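Report on the structure
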Amino acid sequence: MESTRKITLSENEIPTHWYNIVADMPNKPLPPLNPGTHEPIGPEALAPLFPMELIMQEVSQERWVEIPDEVREVYKIWRPTPMFRATGLEKALGTSAKIYYKYEGVSPSGSHKPNTAVPQAYYNMKEGVKRITTETGAGQWGSALSFACQMFGIECDVYMVRISFDQKPYRKMMMQTWGANVYPSPSERTNAGRQILAQDPDTPGSLGIAISEAVEMAAMHDDTKYSLGSVLNHVLMHQTIIGQEAIKQLEKAGADMPDYVFAPFGGGSNFAGLALPFIHKNLTEGTNIRCIASEPTSAPKLTRGIFRYDFGDTVGMTPLIPMYTLGHTYVPAKIHAGGLRYHGAGAVVSQLLADELISAEAIDQLETFEAGITFAKAEGIIPAPEANHAIASVIRAANQANAAGTSPTILFNLCGHGNFDMLAYEDYFAGKLQKHEMTQAEVNAAVEKVDTPTISSVQAMLAQM
Ligand SMILES: *Cc1c(COP(=O)(O)O)cnc(C)c1O
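Residues numbered from 1 in each chain as written. Predicted model: local features only at pLDDT ≥ 70, side-chain atom pairs only at ≥ 80, totals over all residues. Heavy atoms only, no water.

1. As for the site of the ligand
- Inspection of the region around the ligand gives 16 residues, with Lys113, Ser230, Gly266, Ser269 and Asn270 positioned closest.
- Within the side chain of lysine 113, one N or O atom sits 2.5 Å away from an oxygen atom of the ligand.
- Here an oxygen atom of the ligand and a side-chain polar atom of asparagine 270 are 2.8 Å apart.
- Relative to its unbound accessible surface of 390 Å², the ligand loses 97% to contact with the protein.
- Taken together, the residues of the shell around the ligand sort by class into four nonpolar, ten polar and two charged. (Near = heavy atom within 4 Å. Polar contact = N/O pair within 3.5 Å; in protein donor to acceptor, adjacent residues only side chain to side chain. Areas by Shrake-Rupley, 256 points an atom, 1.4 Å probe, with all protein chains shown as cover. Nonpolar A, V, L, I, M, F, W, Y, C, P; charged D, E, K, R; others polar.)

Following this line, the structure appears as structure tokens:
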């Protein structure tokens, strides 16, 4: 009998609203704090950096936020994204599990990131912003934002970590193709950059320095704002179109709702995008869909970090956010899944983890590349190294199901393709990839440095206000 392999939706089935889980959370995320005074900050404090509509979305308690027609029009370039039944992988594993994946690699820049870049560029354009600045490491976020800014006719300045600028030229060229200005960071354009260059002219740069440069340019110019590709509430909310489409596709295929939902975890946006609409079902319809984040053993903030207020950046300039963190000064090992090398997790996903509404597991990079290659051989698509973490989790779950004699339905997020990450695969084939797990001493040393307010001290302060 023929079975369905690809499950598609038509353009008019692109979701009309983003889902804001804050409305349904039993414990709301605690507010961000001013980095200097440690007082809760209001929306006005963010106004120099973000357009007002995004700030209102950041603090919104509304369950459904309407997607503007102009944004849905751009989404039509690649949405709805396909869902696949992974029949090839099921066969390769000899598993009784039913495996599905949502494929976000069909976007112009090759990952889920344009799902938020497009509305962010749109709201900036609507409020008369002329230019958006941002930072990028390997280039996934920078390329998504460059594409989105081009769609709405605004300028995009990307501060790209110098070593990536020199060694990973293809994403830089994508950004330039979409009209962005790409500057190696540190640059001579900002005070932050000039200071660092004066001390160390040959510095390879870092994401922290690039953030400082992008934020400085936005804060100094009235017609310029700043943009972030993960972590913040509004970014996670924009991604929920992934999970909403997935639910429709499973229904269309006549499949059961999944027993397990897996996604890789950097700051939480693609995980939240797929998982939150399923958690909505758990919270409102009494289902028991287990949503599990896959993180690297070299940056295990969810499984081994602490739940505490911390800075979003390495320098300590951003508001303090309640997050699972390894400490903002912790620099994860240089694994190939660049998008997962982040010290903390967004406030919404952190609160969900604290309340045990989601869970997490950490996986070593060697296992993730083995899983990614098994997947590529069975399904054809070469996954982004980040996505390989979710695939490794899926393979573990499928093998456990076999051992237990069960046949669960498993869904995961193939959040991007790996066509620009072949150097990582080359290293794997050359045997150069190392296993890397933080030791307990390293975890202790990292979290002991965190001296920012605790969750309970802020709860006590809020109770008195
Ligand atoms: C940026 C990125 C990630 C990590 O970011 P999240 O916000 O956790 O999704 C994961 N996968 C890919 C392909 C990315 O580009």
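2. Description of the packing of helix α1 (residues 52–59) against helix α4 (residues 114–126)
- Interhelical geometry of α1 versus α4 gives an angle of 130° and a closest axis separation of 8 Å. Regarding the angle of α1 to α4, the classification is oblique. Here α1 contributes Glu53, Leu54 and Gln57 to the contact with α4, which in turn contributes Gln120, Tyr123 and Asn124.
- The residue makeup of the contact of α1 with α4, split by class, is two nonpolar, three polar and one charged. (Axes fitted to C-alpha atoms, helices over the stretch in contact; angles between N-to-C directions. Helix = DSSP H or I, 4+ residues; strand = E, 2+ residues; numbered from the N terminus. Parallel < 35°, antiparallel > 145°, perpendicular 65-115°, else oblique. Contact = heavy atoms within 4.5 Å.)

3. A short note on the nonpolar core
- Judged by nonpolar contacts, the single largest core of 35 residues is most densely connected at Phe271, Phe278, Cys291 and Leu411.
- Put simply, the parts of the chain that give this core at least two residues each are α11 (241–252), β10 (260–264), α12 (269–285), β11 (290–296) and α14 (347–354).
- If you tally residues by element for this core, the top one is α12, at seven residues.
- Setting aside residues up to four positions removed in sequence, cysteine 291 forms contacts with Val261, Phe271, Ala275, Phe278, Ile279, Ile358 and Ser359.
- Ile14, Leu145, Phe165 and Met175 belong to the second largest nonpolar core, which has 34 residues in total. (Core = buried A, V, L, I, M, F, W, Y, C linked by side-chain atoms within 4.5 Å. Buried < 20%, exposed > 50% of the residue type's maximum accessible area, 1.4 Å probe, protein only.)

4. Remarks on unusual backbone geometry
- In this chain, arginine 79 is followed by proline 80 through a cis amide linkage whose omega measures -10°.
- Along the chain, the position of proline 80 falls in the loop between α2 (69–75) and β4 (83–85).
- Going from serine 185 to proline 186, the amide bond is cis rather than trans, its omega being 5°.
- By the element assignment, proline 186 lies in the loop between β8 (181–185) and α8 (191–199).
- Phi at histidine 38 is positive, roughly 65°, even though this residue is not glycine.
- Its location among the elements puts histidine 38 in the loop between β2 (17–19) and α1.
- One non-glycine residue, valine 231, lies in the positive phi region at around 70°.

Remember, this is a structural readout, not a statement about activity or role.
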